[in-house]
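# Results of the structural survey
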Amino acid sequence: MVNDIASWRIRPGENQIGDQSVVDDVNIRSFQSFDQQICQEIFTKCCETWIKDALQMDLPRYCAYVGVESVFTLLSLAFSWSFYTICIYLGIVLITMLIFYLNAFNQGWKFINRSLEEDVKNIKNSYMIQSGSHFWVAVWRDKIVGMIGLFEKESYKLKIAELKRMYVSSEYRGKGVSTKLLERAVHYARIHHYDRIFLDTTSAHKDAHRFYKKHGFQLVNVRPFPQL
């Protein structure tokens, strides 16, 4: 998938978290085993939206590139190619674009499946029994609407935490749920004496970029999305 990975960091004591739009009756609590299924569903649905957003960003750019190249090629060869040869060429271009689209879609689902196997399928073992790691869910009117995890990373010099799996159901975004989740994770990192918190986003997550920047995170690195 043609997307970049953006890495962000913050010192737990530097952020200015606070949002007047926070829903007052949203409760942030620790993950329980019976939350597993709904957390997995939230993760999958949010990633499906991310795949669509990424394709919407990348496909027009790729189409424009192929279109310009095709125009110049056809203009230069219009007088020497037959009508059928031109049709075959255009067919190859369309097939190439379709292959690109399917490959990008496949890359997105590979990411989802890899993440499920990596930690999302067993949040308890991945976060709740690991020293220095934790996982929380956001509950609104007895319904889980978001989640976030903090995972301790190995480091020789600093005590580093990685912010992972921060997702909020689409119908509850923009209501301050993300702010309350982030606030809880950063507070946990602070009282456990972490020196830095890192996280990764993709270039398709423009709203996430603005959110993390608003709350004091600094962009430290951009790298290509890995082929899975």
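Quantities reported herein were computed from a predicted structural model and do not represent experimental measurements. (Residues numbered from 1 in each chain as written. Predicted model: local features only at pLDDT ≥ 70, side-chain atom pairs only at ≥ 80, totals over all residues. Heavy atoms only, no water.)

## Here we look at the overall build of the protein
When helices and strands are counted, the protein shows five helices and seven strands. Walking the protein from its N terminus toward its C terminus, one meets helices and strands in the order β-β-α-α-α-β-β-β-α-β-α-β. Across the 228 residues in the protein, those meeting the buried criterion constitute 43%. Pairs at least 24 residues apart make up 75% of the contacts formed inside the protein by residues separated by at least 6 positions. With an accessible surface of roughly 13,200 Å², the protein has 56% of that area assigned to carbon and sulfur atoms. (Helix = DSSP H or I, 4+ residues; strand = E, 2+ residues; numbered from the N terminus. Buried < 20%, exposed > 50% of the residue type's maximum accessible area, 1.4 Å probe, protein only. Contact = heavy atoms within 4.5 Å. Areas by Shrake-Rupley, 256 points an atom, 1.4 Å probe, with all protein chains shown as cover.)

## Focus: the pairing of strand β6 (residues 196-202)
A regular strand places its side chains so that they alternate between the two faces of the sheet. Buried residues dominate β6, accounting for five of its seven residues. The pairing of strand β5 (residues 160-168) with β6 spans three bridges and is parallel. Its bridge partner lying in β6, isoleucine 160 is registered against arginine 196. (Pairing = 2+ DSSP bridges.)

## Description of unusual backbone geometry
Of note, the phi angle at arginine 165 is positive, near 55°, even though the residue is not glycine. Here arginine 165 falls in the buried class, since its relative accessible area comes to 10%. With a phi close to 60°, histidine 193 is a non-glycine residue in the positive phi region. With respect to the secondary-structure elements, histidine 193 resides in the loop between α4 (177-191) and β6.

## Some words on the packing of aromatic side chains
Following the criterion strictly, the structure yields eight aromatic pairs and no others. Between tyrosine 127 and phenylalanine 151, the aromatic rings sit 6.0 Å apart at their centres with planes inclined by 80°, giving edge-to-face as the arrangement. Residue tyrosine 127 is located in helix α3 (residues 123-128), and its partner phenylalanine 151 is located in strand β4 (residues 143-153); the two are separated by 24 residues in the primary sequence. Through pairs of rings, three or more aromatic residues link up here, namely Phe31, Tyr127, Phe135 and Phe151. In this structure, lysine 159 packs its charged tip against the face of tyrosine 194, placed 4.8 Å from the ring centre. (Phe/Tyr/Trp six-rings, centres within 6.5 Å; stacked < 30°, edge-to-face > 60°. Lys NZ or Arg CZ within 6 Å of the ring centre and 35° of its normal.)

## As for a nonpolar patch on the surface
A surface patch of nonpolar side chains, amounting to about 370 Å² of accessible area, comprises Leu98, Tyr101, Leu102 and Phe105. Tracing the backbone through its elements, the reader meets tyrosine 101 in helix α2 (residues 83-118). (Patch = residues over 30% accessible without salt bridge, like charges linked within 9 Å, V, L, I, M, F, W, Y side chains within 5 Å. Salt bridge = Lys/Arg side-chain N within 4 Å of Asp/Glu carboxyl O.)

## Topic: the nonpolar core
One broad trend across soluble globular proteins is that nonpolar side chains are buried collectively. Of all hydrophobic cores here, the largest spans 27 residues; its most connected members are Leu150, Leu163, Leu181, Ile197, Tyr212 and Phe217. For this core, the elements supplying multiple residues, two or more each, are β1 (4-10), β2 (26-30), β3 (134-140), β4, β5, α4, β6 and α5 (206-214). Looking at this core element by element, the count peaks at seven residues for α4. Counting residues in hydrophobic clusters, the runner-up holds 20 residues, among them Cys39, Cys47, Phe111 and Phe135. (Core = buried A, V, L, I, M, F, W, Y, C linked by side-chain atoms within 4.5 Å.)

## Topic: α4
Here α4 contains 15 residues, and its C-alpha end-to-end distance of 22 Å stays within 8% of the 21 Å for a straight helix at 1.5 Å per residue. Taken together, the buried positions of α4 are occupied by Val177, Thr179, Lys180, Leu181, Leu182, Ala185, Val186, Tyr188 and Ala189. As for α4, its buried residues are in contact with β2, β3, β4, β5, β6 and α5. Count one or two residues on from α4 and you reach histidine 193, which has phi positive near 60°. (Expected span 1.5 Å × (residues − 1).)

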